[in-house]
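Below, each chain spelled out in residue letters.
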Amino acid sequence: MRQPDMNKMNERTTVTDAAPIKTLPDAQTVTEVQHYTDRLFRFRVTRPASLRFRSGEFVMIGLMGDPDPKTGRQKPLLRAYSIASPSWDEELEFYSIKVPDGPLTSKLQHIKPGDELILRPKPVGTLVHDALLPGKRLWFFATGTGIAPFASLIRDPQTYEDYDQIILTHTCRDVAELTYGRELVDSLKSDEMMQELLGDGLNKLVYYPTTTREESPKMGRITTLLEDGTVFKDLGIGGITPETDRAMVCGSMGLNTDIKRILEGFGLHEGANSEPAEYVVEKAFVG
Ligand code: A2P
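Reference entry: report on the structure contained in this document. Computed from a prediction, not measured in an experiment: that's the story for all the values here. Throughout this document, residue positions are counted from 1 along each chain, in the order its sequence is written. Per-residue local features of the predicted model are confined to residues with pLDDT of at least 70, and side-chain atom pairs are confined, for both listing and counting, to 80 or more; whole-chain, interface and lining totals are unaffected and use all residues.

**Let's talk about the nonpolar core**
Quick note on the threshold: To define a nonpolar core, we join buried Ala, Val, Leu, Ile, Met, Phe, Trp, Tyr and Cys residues through C-beta atoms within 7 Å and take the resulting set. Labels follow a simple rule on C-beta atoms placed from the backbone: if 20 or more others lie within 10 Å of a residue's own, it is buried; if 12 or fewer, it is exposed; otherwise it is partly exposed. Labels follow the DSSP assignment, with helices taken as runs of H or I lasting at least four residues and strands as runs of E lasting at least two, numbered in each case from the N terminus. These domain limits were set by an automatic method or by a database of domain assignments. Each residue gets a C-beta atom placed from its backbone, and two residues are in contact if those atoms lie within 7 Å.
Within the largest apolar cluster, 61 residues are counted, with the highest numbers of intra-cluster contacts made by Phe140 and Phe150. The element best represented in this core is strand E7 (residues 137-143), accounting for five residues. Viewed by domain, this core spans two of them, domain 1 (6-124) and domain 2 (129-283), each represented by three or more residues. Excluding residues within four positions of it along the chain, phenylalanine 140 makes contact with Phe150, Leu153, Leu168, Thr169 and Met248.

Shown next as structure tokens:
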């Protein structure tokens with residue numbers, strides 16, 4: 001299959017011409033940084049030639065911590081980050097929160113193209129196609145930065161080959177926090193290669209954004225909108241059933257717990273790499 005044109009999709013310029021001197025263990029070079037709000041940003045880094053991963057997986061990334069006041073020695077400060085780019089992409093993309101006093105993200109938010117960061121090339125995770133049994137409709141339920149693994153999966157051709165319909169729901173506090181997902185979906189729908197995968201009318205991928213703390217066309221937590229049937233009414237869907245529907249969930253602990261209960265109520269069971277079933281869950285990682 002031909003691959004989508006990443007340069008066109010991301011409208012970016014690459015800064016990787018000169019091979020930088022690697023000073024960190026497992027160092028990769030930052031190629032692009034984009035800030036969305038004072039809480040959210042996206043960055044891209046070079047990809048180790050040997051790194052293979054399945055869309056939806058995460059890796060440990062980070063920076064060197066502050067020197068120990070006594071010994072002067074620095075230790076790597078690493079956190080799990082979902083890879084937001086698809087497996088065919090020549091670079092790696094990450095989407096991150098900025099926690100003002102977070103040990104890692106208080107530093108990470110200042111990275112710029114040309115800087116190095118540490119990336120342990122050992123991808124793992126449960127939000128992968130292999131952990132789900134075959135189905136007709138695939139739901140991605142995300143809150144906040146939990147959209148990152150789905151940013152990878154909605155750019156993966158396999159997603160469209162395996163399912164008739166993909167529904168991406170994203171709940172954020174305010175409209176500005178939806179920007180990363182909205183721009184990504186828009187870029188896919190205007191990309192010639194992706195259009196082939198998205199089918200007639202480009203409606204194989206359905207985007208369902210909601211906000212909880214700022215007025216927007218669709219307000220409320222996705223959990224509430226599932227429980228009161230609003231989502232199904234809005235999308236013209238009868239409901240979620242174990243025969244047709246599969247789901248991946250990534251968000252806060254609260255979201256994960258609540259959605260699990262709702263999906264189990266619809267008769268879906270939790271799967272894993274070793275035992276595929278009807279839905280899978282992963283915590284959105286916070287730095
Ligand atoms: P709310 O504003 O009602 O807390 P955060 O930025 O704190 O990670 O939250 C991201 C989004 O996830 C917010 O819109 C938040 O809604 C929503 N959220 C938090 N907990 C849950 C939950 N248990 N179920 C569904 N949505 C949740």
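There's more to say after this.
**A closer look at the site of the ligand**
How we decide: Any residue whose C-beta atom, as placed from the backbone, lies within 6 Å of a molecule or strand is termed near it. All residues other than Ala, Val, Leu, Ile, Met, Phe, Trp, Tyr, Cys, Pro, Asp, Glu, Lys and Arg, Gly among them, are scored as polar; the first ten of these are nonpolar and the last four charged.
Lining the immediate environment of the ligand, one finds 14 residues, of which Thr143, Gly144, Thr212, Arg221 and Gly254 sit closest. Of all the elements in the fold, those that place two or more residues in the shell around the ligand are strand E8 (165-172), helix H7 (222-227) and helix H9 (253-265). A total of three residues in the shell around the ligand trace back to one element, the largest contributor, which is H9. Here the residues of the shell around the ligand are counted per class, giving three nonpolar, seven polar and four charged.

**Focus on the sheet that holds strand E4 (residues 76-82)**
This is how it is decided: Think of it this way: DSSP has to see at least two bridges between two strands before they count as a pair. Each axis is a line fitted through C-alpha atoms, taken for helices only over the stretch in contact, and angles between the N-to-C directions span 0 to 180 degrees.
Strand order in the open sheet made by the six strands is E4-E3-E6-E1-E2-E5, with antiparallel pairing throughout. Since the sheet does not close on itself, it has two edges, and those belong to E4 and strand E5 (91-97), each with one partner. The mean inter-strand angle of the sheet, taken between neighbouring strand axes irrespective of direction, is 40°. Summarising the sheet, strand E1 (residues 27-35) and strand E6 (residues 116-124) pair through three bridges and their orientation is antiparallel. Paired with threonine 29 across the bridge in E6 is glutamate 116.

**Regarding the pairing of strand E3 (residues 58-64)**
Of all seven residues in E3, five are buried; the element is thus mostly enclosed. Pairing geometry for E3 and E4, over seven bridges, is antiparallel. Bridge pairing in E4 links glycine 62 to leucine 78. With four bridges connecting them, E3 and E6 associate as antiparallel partners. Considered in E6, the bridge of glycine 62 is made with isoleucine 118.

**So, helix H5 (residues 179-189)**
Definition in use: Note that the arc is defined by the directions from the helix axis to the C-beta atoms.
Within the span of H5, buried status applies to Tyr180, Gly181, Leu184, Val185 and Leu188. Angular distribution of buried residues about the axis of H5 spans 125°; they occupy a single face of the element. Where H5 is buried, its residues touch strand E2 (40-46), E5, helix H3 (148-153), E8, helix H6 (192-198) and strand E9 (205-211).

**Points about the sheet that holds strand E10 (residues 245-251)**
Taking strand neighbours across the sheet as the criterion, the five strands line up as E9-E8-E7-E10-E11 in an open arrangement whose pairing is parallel. The sheet is open, and its two borders are formed by E9 and strand E11 (279-283), each paired with just one other strand. Averaged over all pairs of adjacent strands, the angle between strand axes in this sheet comes to 10°, irrespective of strand direction. Inspection of the sheet shows E10 paired to E11 by five bridges, in the parallel sense. Bridged to glycine 251 within E11 is lysine 283.

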